[in-house]
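This is what each chain is made of:
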Amino acid sequence: MKLLLVEDHAELASNIISYLAKEGYVCEWCNSYQKAINKLSGFEYDIIMLDLMLPDGDGLDILRFIKQQNADAGVLILSAKNALDDKIQGLDLGADDYLPKPFHLSELNARLKAIYRRRNLGGAHDIIFNEISLNTDTMEVKVNDRYLDLTRKEYEMLLYMIVNKSRVLTKQSIAEHLWGDYMDSVDSFDFVYQHIKNLRKKIVQAGGRDYIQTMYGSGYKFNPNI
Amino acid sequence: MKLIFKITLLYLLISLVVFLIGGIITHQIIMREVIYEEQRFLRERLDFAIRMIERRKLHKPFERDKIKIIPLGTRGEETEIAFSDTVVMHSTLQRMEPHNKLDVVKKVGQQYYKITLYDLIVEEDDIAEGVNEALVKVYLLLLVVVLILSWVASAFLLKPFNITLDHIKNFSLRKNNPIKYKKSNTKEFDKLNKFVEEMTEKIQTDYQSLKEFTENASHEMQTPLSIANGKLELLMESDNLTDEQVALIVSAQGSVQRLSRMGKALSLLTKIENKEFESTEEINLSELLLKLLFDFKELADLKSIKIESEIQEHVKVNMDSTLAAIMVTNLLQNAIRHNYEEGRIHVVLTHTRLSISNTGGALKSDPGSLFERFKKDNQSKESVGLGLSIVKKICEVSSFDISYQYQEPDHTIEVIF
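None of the values given here were measured: they were computed from a predicted structure.

**Points about the overall build of chain B**
Each helix and strand counted, chain B has nine helices and 12 strands in total. By residue count, 40% of the 417 residues in chain B fall in the buried class. Pairs at least 24 apart in sequence give 66% of the contacts found in chain B among residues at least 6 apart. By element, 58% of the accessible surface of chain B is carried by carbon and sulfur atoms, the whole surface being about 24900 Å².

**Overview of the overall build of chain A**
Assigned secondary structure in chain A consists of eight helices and 14 strands. Here chain A, with 226 residues, has 51% of them falling under the buried criterion. Of the contacts formed within chain A by residues at least 6 apart in sequence, a portion of 60% connects residues at least 24 apart. Of the roughly 9700 Å² of accessible surface on chain A, a fraction of 47% belongs to carbon and sulfur atoms.

**Quick word on a negative patch on the surface**
Residues and elements named next belong to chain B. Taken together, Glu124, Asp125, Asp126 and Glu129 make up a surface patch of like negative charges. Mapped onto the elements of the fold, glutamate 129 is located in helix H2 (residues 124-157). Since its relative accessible area comes to 56%, glutamate 129 is described here as exposed.

**Digging into the packing of aromatic side chains**
This model, assessed by the stated rule, comprises six aromatic pairs over all chains. Aromatic side chains Phe19(B) and Tyr139(B) sit 5.3 Å apart centroid to centroid with 75° between the ring planes, which places their arrangement in the edge-to-face category. With a gap of 120 residues between them, Phe19(B) in helix H1 (residues 3-56) and Tyr139(B) in helix H2 connect regions that are remote in the sequence. Through a chain of ring-to-ring contacts, three or more aromatic side chains come together here, namely Phe129(A), Tyr211(A) and Phe222(A). A cation sits over an aromatic face here: Lys2(A) above Tyr45(A), 4.8 Å from the ring centre.

**Comments concerning a positive patch on the surface**
Residue and element names in this part refer to chain B. A surface patch of like charges, here positive, comprises Arg51, Arg55, Arg56 and Arg64. With three residues, the top contributor of residues to the positive patch is H1. With respect to the element layout, arginine 56 can be found in helix H1. Assessed through its relative accessible area of 46%, arginine 56 is described here as partly exposed.

**Details of the interface of chain B and chain A**
Interfaces are often sized by the amount of accessible area the parts lose when they come together. Across the boundary between the two partners, chain B contributes 38 residues, which contact 42 residues of chain A. For the pair chain B and chain A, the summed buried surface comes to about 3600 Å²; carbon and sulfur atoms form 57% of the total. Run the count over chain B and chain A and you get three salt bridges. The partner of Glu237(B) in a salt bridge is Arg167(A), with the nearest N and O atoms 2.7 Å apart. Our enumeration of links across chain B and chain A arrives at eight residue pairs in polar contact (both at pLDDT 80 or more).

**Comments concerning the sheet that holds strand S7 (residues 306-311) of chain B**
All names here are of chain B. The sheet built from five strands is open, its strands ordered S7-S9-S10-S12-S11 with mixed pairing. In the strand order of this sheet, the two ends are held by S7 and strand S11 (401-407), each with one partner. Averaged over all pairs of adjacent strands, the angle between their axes in this sheet comes to 10°, without regard to strand direction. One ladder, built from five bridges, connects strand S9 (residues 344-349) with strand S10 (residues 353-359); its direction is antiparallel. Across the sheet, leucine 349 pairs through a bridge with leucine 354, a residue of S10. Sitting on the sheet, helix H8 (residues 321-337) touches S9, S10 and strand S12 (410-416), and the angle it makes with S10 is about 20°.

**Quick notes on the pattern of salt bridges**
Counted under the stated rule, the structure contains 28 salt bridges over all chains. Lys393(B) is the salt-bridge partner of Glu396(B), the closest N and O atoms lying 3.5 Å from each other. Pair noted here: Glu396(B) and Lys393(B) are both in helix H9 (residues 387-397), with a separation of three residues, about one helical turn. Of the residues examined, Lys393(B) reaches a relative accessible area of 10% and is grouped as buried. Connected through shared salt-bridge partners, Lys22(A), Glu23(A), Lys113(A), Arg167(A) and Glu237(B) make up one network.

**Considering the UniProt feature "transmembrane region" (unreviewed entry) in chain B**
All names here are of chain B. Within this numbering scheme, the UniProt entry marks residues 7-30 and 138-158 as carrying the feature "transmembrane region" (unreviewed entry). End C-alpha atoms of residues 7-30 are separated by 33 Å, and the span's content is 100% helix alongside 0% strand. Annotated as residues 138-158, this span is 95% helix and 0% strand, and its ends, taken at the C-alpha atoms, are 28 Å apart.

**What to know about the sheet that holds strand S9 (residues 132-135) of chain A**
Residue and element names in this part refer to chain A. Spatial strand order, S8-S9-S10-S11: four strands in an open sheet with antiparallel pairing. This sheet does not close on itself; its edge strands, each paired only once, are strand S8 (126-129) and strand S11 (146-148). Across this sheet, the average inter-strand angle for adjacent strands is 25°, counted without regard to direction. Examined bridge by bridge, S9 and strand S10 (residues 140-143) share four bridges and lie antiparallel to one another. From the neighbouring strand, isoleucine 132 faces S10, where its bridge partner is valine 143.

**Looking at a nonpolar patch on the surface**
Together, Leu16(B), Val17(B), Leu20(B), Ile21(B), Ile25(B) and Ile29(B) make up an exposed nonpolar region whose accessible area comes to about 530 Å². Checked against the element boundaries, Leu20(B) lands in helix H1.

**So, the confidence of the model for chain B**
Close inspection of predicted coordinates is inappropriate in any region flagged by low pLDDT. Mean pLDDT for chain B: 83, with 96% of residues reaching 70 or above. With a pTM of 0.61, the predicted complex shows an ipTM of 0.77.

**A short note on helix H8 (residues 190-205) of chain A**
All names here are of chain A. Given a rise of 1.5 Å per residue, 16 residues ought to cover 22 Å, and the 23 Å separating the end C-alpha atoms of H8 matches this to within 8%. Listed in full, the buried residues belonging to H8 are Phe191, Val192, His195, Ile196, Leu199 and Ile203. For H8, the angular spread of the buried residues around the axis is 140°, confining them to a single face. Exposed and oriented more than 90 degrees from the buried face of H8 are Asp190 and Gln205.

**Some details on the pairing of strand S2 (residues 67-73) of chain B**
Residues and elements named next belong to chain B. Across three bridges, the pairing between strand S1 (residues 62-64) and S2 is antiparallel. The partner of glutamate 63 across the bridge, within S2, is lysine 68. Where S1 hands over to S2, the hairpin turn is made up of two residues, of which lysine 66 adopts a positive phi near 65°. Relative to strand S5 (residues 111-120), S2 is paired through six bridges, and the arrangement is antiparallel. Counted as the bridge partner of isoleucine 67 is leucine 117 from S5.

**With respect to the nonpolar core**
Ile132(A), Leu158(A) and Met327(B) are the most contacted members of the largest nonpolar core, which totals 79 residues. Setting aside residues up to four positions removed in sequence, Met327(B) forms contacts with Met319(B), Leu354(B), Val391(B), Ile394(B), Cys395(B) and Phe400(B).

**Description of the environment of Met96(B)**
Residues and elements named next belong to chain B. Among the secondary structure elements, methionine 96 is positioned in strand S4 (residues 95-108). Exposure remark for methionine 96: the relative accessible area of 48% places this residue in the partly exposed category. Sequence separation of methionine 96 and threonine 86 is 10 residues, and the distance between their C-alpha atoms is 9.7 Å. Residues within four places of methionine 96 in sequence aside, it is in contact with Val87, Val88 and Met89.

Rules and cut-offs
- Residues numbered from 1 in each chain as written.
- Chains lettered and ligands numbered in written order.
- Predicted model: local features only at pLDDT ≥ 70, side-chain atom pairs only at ≥ 80, totals over all residues.
- Heavy atoms only, no water.
- Helix = DSSP H or I, 4+ residues; strand = E, 2+ residues; numbered from the N terminus.
- Buried < 20%, exposed > 50% of the residue type's maximum accessible area, 1.4 Å probe, protein only.
- Contact = heavy atoms within 4.5 Å.
- Areas by Shrake-Rupley, 256 points an atom, 1.4 Å probe, with all protein chains shown as cover.
- Patch = residues over 30% accessible without salt bridge, like charges linked within 9 Å, V, L, I, M, F, W, Y side chains within 5 Å.
- Salt bridge = Lys/Arg side-chain N within 4 Å of Asp/Glu carboxyl O.
- Lys, Arg positive; Asp, Glu negative; His and termini not counted.
- Charge placed at Lys NZ, Arg CZ, Asp CG, Glu CD.
- Phe/Tyr/Trp six-rings, centres within 6.5 Å; stacked < 30°, edge-to-face > 60°.
- Lys NZ or Arg CZ within 6 Å of the ring centre and 35° of its normal.
- Buried area = accessible area lost by both parts, 1.4 Å probe.
- Polar contact = N/O pair within 3.5 Å; in protein donor to acceptor, adjacent residues only side chain to side chain.
- Pairing = 2+ DSSP bridges.
- Axes fitted to C-alpha atoms, helices over the stretch in contact; angles between N-to-C directions.
- UniProt positions renumbered as here; feature names shortened; annotations may be inferred.
- pLDDT = per-residue confidence, 0-100.
- Expected span 1.5 Å × (residues − 1).
- Arc of directions from axis to C-beta.
- Core = buried A, V, L, I, M, F, W, Y, C linked by side-chain atoms within 4.5 Å.

Below is the structure:
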């Protein structure tokens, strides 16, 4: 997957690049409107991560440019401007998703993969990991070809963990992924624990391996090497 | 009491004192003049009496009504005219009446005569009565005139002042329209207007820059927080971390996220204040509430909270759709967060009000400050303390009333449309 990151904050960009490098993505970076236009004129990317606030121009104009030039590329808007208008306008102009800052890098990873799946994998909706396979279209999960009866949240959690396999996922990041805006309302992350517990039980009962590892004090890790 | 009324009243009070003193003075002056006139009259009658003595060559004592002449012979001494008061039988009234009396010994020809003249006195009581009556009438006239004047004054003279007051009363920081005045031709009012104009302008610019600062600060905060959060996530990925180190990273991440949420909430508050949510439309609150109740059900279940609802269908209110969602979300969040395990939430929606009650421990802080920023009753870890301030602000811009009641063990927040 070839990515372009348009982001004027070097530090933020370096975080994203280091994180995504571990996924094996090629991620190029430019820090201004002009450079972004130059890159986009010359190269093709699978997904463009776009910051809306740039020192020399509006990110939405880059979005318009992308849609004229190369409508196949996916666009993920990253913005600290948590204005709903921007979000709606961005999505109207053809952006695939909108991620408000600050975000968890694991969340970014999950969103990128989702965009990639939607755009590039055509009819293939299956994510297969060893004995587990997820159909992102029907939201069905099979373990060793046996259907698993998962709740919506359990499905989302499993997908999130497989997409971010081998990484430590904090309870906060999981909670935010599952609950988004309503995250504030819970005093503890007990419910993450509840869901994880159920998910594990269901996978193991279906004959799957228990990939989900509890990391003491921090969260969980989907460990493929168990 | 109106200022003009106070001034009028004070003026009338002072004029009352002046009228009292004036009455006494008037009374005295009239008395003096009357006495002087009476004495002059008695003197004239004395001349008349002397002429009569000369004409008649009077030898015998002579007494008539109000005159008495006693010949004293050739020996004697002339005296000065002496006036005195006395009481004499009045011939027509047939009763004793106070009289003025003139006594003199006068030489007419070769004879000395003792002449006594009387004249009916004008009674002091009558004069006082007259003066009183006149003054009371004048005072009443003054009262009427002053009241009319004060009415006229307040209607016309104080008109610019009342306009200024109206302007100040209607002045709102949020409306962002500084007060402008027309020039009146009263120096004091012009001074006041100029002052109010400058003051409101200053307040408005200060308020504006404060708002901009809050918005910018909470916005600019997001990028560094995002960086910090990312670094922590990367750090978490490193190998060979001890459990203690991981715990430290997680705790740091938690704080960074809290700060970020706080910034977002503050910038939302500022945006609502700045009227950035002006797209008022008809919102079907019943549908919205049902949808959100469904979304929250799972969270409530985790705390084993039972949600009961009485929702009338097709309740519609006019407000911004984003704000409507934020308002209901915050209220429900609040009801879950401050609830206890196996608690209860009761939601009522009618065409006039939305009321959400939840079980929960009594507030330790003042219920009046519940809607203030950063007022948290329990220092609950996840809560930022801005949720209810946001709800209050939304109610303000949407012209709803909001109130809070506690009746053990239920906390009720009610929004009246």
